[in-house]
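In case you want the letters, here they are:
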Amino acid sequence: MIILVVGGGGREHALCWKLKQENANHDLHAAPGNPGIAELATCHAVDLSDLNAIETIARELDVDFTIVGPEAPLAAGIVDLFRFKGLAVFGPTQGAAEIETSKSFAKELMTRVGVPTARAEMFEDAAAAKQAARAFGLPVVIKASGLAAGKGVVVSGSLADADRAIDWMLTDRAFGESSSEVLVEEFMAGEELSYFALTDGYSVLPLAPSQDHKRLLAGDAGPNTGGMGAYSPVSLSPGAVNETVLLPTLRELARRDRKFTGLLYAGLMIENGESRVVEFNCRFGDPETEAVLPVSMLEPSLGECLYSIARGELLPSEAKCTVEGFAVTTVLAAAGYPARPVLGAVIDIPRIPEGVLVFHAGTKRDDAGRLVVSGGRVLAVTGLGATLEEAQERSLDFAEAIEFEGKQYRADIGFRELARRATETAKEKTTA
Ligand code: AMP
Ligand code: GLY
């Protein structure tokens, strides 16, 4: 098949890798892609905000279908445009993507159909929001309703912090239109899980569950980032979330003429075996995809499932995903990330050993053809193994081996899973 992948990060590199892994004959194209993707696909330089240019590439290549990676083109309506032009495309329409792009829409929908989530109220007025924060109790969560590149959430431990966050978002318009409305939300304790499911709008095919590591430093310290690593699978049980979360959400979206097709990502908070929704995303997560795809074995293949969904067909009822082995992904970030990433450092990647995959996220070739840092998150190094420990060791060893000036990474990706196992082993010993 001729397939176009829209985007140029680690997620898109992992998608291309998986498609090639399943079928070496696929003719892959990426817009714009990156130097890593260029080893698997033909890259076409394009500005991701120029939807017409992307559509022209798809039409001129006569692709069988297009897969959209990032949220921005989905929010801008790329799927609506492709459908209008009669092109098969994997991803939700602009209206369906609001499940991610408008937190107030998502919250209202969840509340309406009884999907478990944190209690929240929506405000456009700062004084009213501050008053609500006082009634919620501490800690309290302040969120911009619109897209804010993962920076629009402030968990406030004091009312002074909450007031500052409200002023920053509503009064100073920290995220422009995206923060013209804020949610004041109840804080949820527990452990987070990223739950990805392919969907034709009616049924779901969940992939291996994963866990992101959003903070910059080991032990979940330091500032929030786009994600410093992930592992998959996760032993934490989300409970019956297909029935309590995904299916009711999809039914309600369809009922509102916003049928969601593509990948629905439920960010869950799990406490005492119960899952509540932190947020929905309308696309594959990054860096989770770099850990999820290597361990998720689909039948029919991922490529065939995405193709069916892109053409508006139903997922085959016998479609299934089995999980094989473990994957740990360590992100290598640029110096100064996340506040002010320093770009331009030359990257040296030694020969990649067995059991390791290196996905490019923020790299480019300079005029001399050297691989250099071009974004905050530079590379995602996935280690594979029969055990989590083996996968972690492989990821970490190669994360250390790759060199560029100012490289930052966490050496503890997967630490919660290891801690959970240690607790369980201790429990077994006391009961034995
Ligand atoms: P979001 O952009 O909604 O995923 O939020 C980013 C991060 O903020 C989440 O991954 C959580 O770690 C945290 N967060 C968001 N909402 C809550 C909440 N209600 N309670 C606790 N933590 C939250
Ligand atoms: N890893 C979080 C996200 O993709 O939104």
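In what follows, the structure referred to is the one given above.
Fair warning: this is a prediction, and the values are worked out from it, not measured in the lab.

1. Looking at the packing of aromatic side chains
In this description, a pair of aromatic rings is defined by centroid distance and the angle of the planes.
For step 1, the next point in the chain: Enumeration according to the criterion identifies 6 aromatic pairs in this entry.
For step 2, the next point in the chain: On the basis of an interplanar angle of 75 degrees and a centroid distance of 5.1 Å, the ring pair of Trp-168 and Phe-175 is categorised as edge-to-face.
For step 3, the next point in the chain: Relative accessible area serves as the criterion here: at 37%, Trp-168 is assigned to the partly exposed category.
For step 4, the next point in the chain: Between the aromatic rings of Phe-196 and Tyr-265, the centroid separation amounts to 4.8 Å while the plane-to-plane angle is 40 degrees, which identifies the pairing as tilted. With Phe-196 in strand β10 (residues 191-199) and Tyr-265 in strand β16 (residues 262-271), the pair connects residues that are 69 residues apart, well separated along the chain.
For step 5, the next point in the chain: According to the relative accessible area criterion, Tyr-265 is buried, its value standing at 4%.

2. Digging into the sheet that holds strand β9 (residues 182-186)
For step 1, the next point in the chain: On the basis of which strands lie adjacent, the open sheet formed by 4 strands has the order β6-β9-β7-β8 and antiparallel pairing. At either margin of the open sheet sits one strand with a lone partner, and together these are β6 (120-123) and β8 (153-156). Pairs of neighbouring strands in the sheet enclose a mean axial angle of 20 degrees, with direction left out of account.
For step 2, the next point in the chain: Examined bridge by bridge, strand β7 (residues 140-144) and β8 share 4 bridges and lie antiparallel to one another. In the strand pairing of β8, Val-141 is matched with Val-155.
For step 3, the next point in the chain: In the packing of helix α6 (residues 103-113) onto the sheet, contacts are made with β6, β7 and β9, and the angle to β9 comes to roughly 45 degrees.

3. Things to note about the layout of surface pockets
For step 1, the next point in the chain: Each pocket or cavity is described by its volume, and for the second largest pocket that value is around 250 Å³.
For step 2, the next point in the chain: In this structure, the second largest pocket is lined by 14 residues; those nearest its centre are His-13, Gly-36, Glu-39, Ile-352 and Val-358.
For step 3, the next point in the chain: Among the elements of the structure, α1 (10-22) and β21 (356-360) are those that each provide at least two residues to the lining of the second largest pocket.
For step 4, the next point in the chain: Ranked by the residues each element gives to the lining of the second largest pocket, the list is headed by β21, at 5 residues.
For step 5, the next point in the chain: Its residues placed into classes, the lining of the second largest pocket shows 9 nonpolar, 3 polar and 2 charged.

4. Regarding the pattern of salt bridges
For step 1, the next point in the chain: Across all of its chains, the model carries 28 salt bridges by this definition.
For step 2, the next point in the chain: A salt bridge links Glu-279 to Lys-103, with the nearest nitrogen and oxygen atoms 3.5 Å apart. With Glu-279 in strand β17 (residues 274-281) and Lys-103 in helix α6, this residue pair connects regions lying 176 residues apart in the sequence.
For step 3, the next point in the chain: Among the residues examined, Lys-103 registers a relative accessible area of 19% and is labelled buried.
For step 4, the next point in the chain: Note that Arg-410 and Asp-220 form a salt bridge whose closest N and O atoms lie 3.0 Å from each other.

5. Re the site of ligand 2
For step 1, the next point in the chain: In the neighbourhood of ligand 2, the contacting residues comprise Asp-212, Tyr-265, Asn-281, Arg-283, Gly-285, Asp-286, Pro-287 and Glu-288.
For step 2, the next point in the chain: Residue Asn-281 places a side-chain N or O atom 3.5 Å away from an oxygen atom belonging to ligand 2.
For step 3, the next point in the chain: Between Arg-283 and ligand 2, the recorded distance is 2.9 Å, taken from a side-chain N or O atom to an oxygen atom.
For step 4, the next point in the chain: Isolated, ligand 2 exposes 190 Å² of accessible area, and the fraction of that covered by the protein chains is 88%.
For step 5, the next point in the chain: Taken together, the residues of the shell around ligand 2 break down into 2 nonpolar, 2 polar and 4 charged.

Criteria and cut-off values
Residues numbered from 1 in each chain as written. Chains lettered and ligands numbered in written order. Predicted model: local features only at pLDDT ≥ 70, side-chain atom pairs only at ≥ 80, totals over all residues. Heavy atoms only, no water. Phe/Tyr/Trp six-rings, centres within 6.5 Å; stacked < 30°, edge-to-face > 60°. Buried < 20%, exposed > 50% of the residue type's maximum accessible area, 1.4 Å probe, protein only. Helix = DSSP H or I, 4+ residues; strand = E, 2+ residues; numbered from the N terminus. Pairing = 2+ DSSP bridges. Axes fitted to C-alpha atoms, helices over the stretch in contact; angles between N-to-C directions. Contact = heavy atoms within 4.5 Å. 1 Å grid on protein atoms, 1.4 Å probe; cavity = no way out; pocket = protein on both sides within 12 Å on 5 of 7 lines; lining within 4 Å. Points joined across faces, edges and corners; volume = space filled by probe spheres on them. Nonpolar A, V, L, I, M, F, W, Y, C, P; charged D, E, K, R; others polar. Salt bridge = Lys/Arg side-chain N within 4 Å of Asp/Glu carboxyl O. Near = heavy atom within 4 Å. Polar contact = N/O pair within 3.5 Å; in protein donor to acceptor, adjacent residues only side chain to side chain. Areas by Shrake-Rupley, 256 points an atom, 1.4 Å probe, with all protein chains shown as cover.

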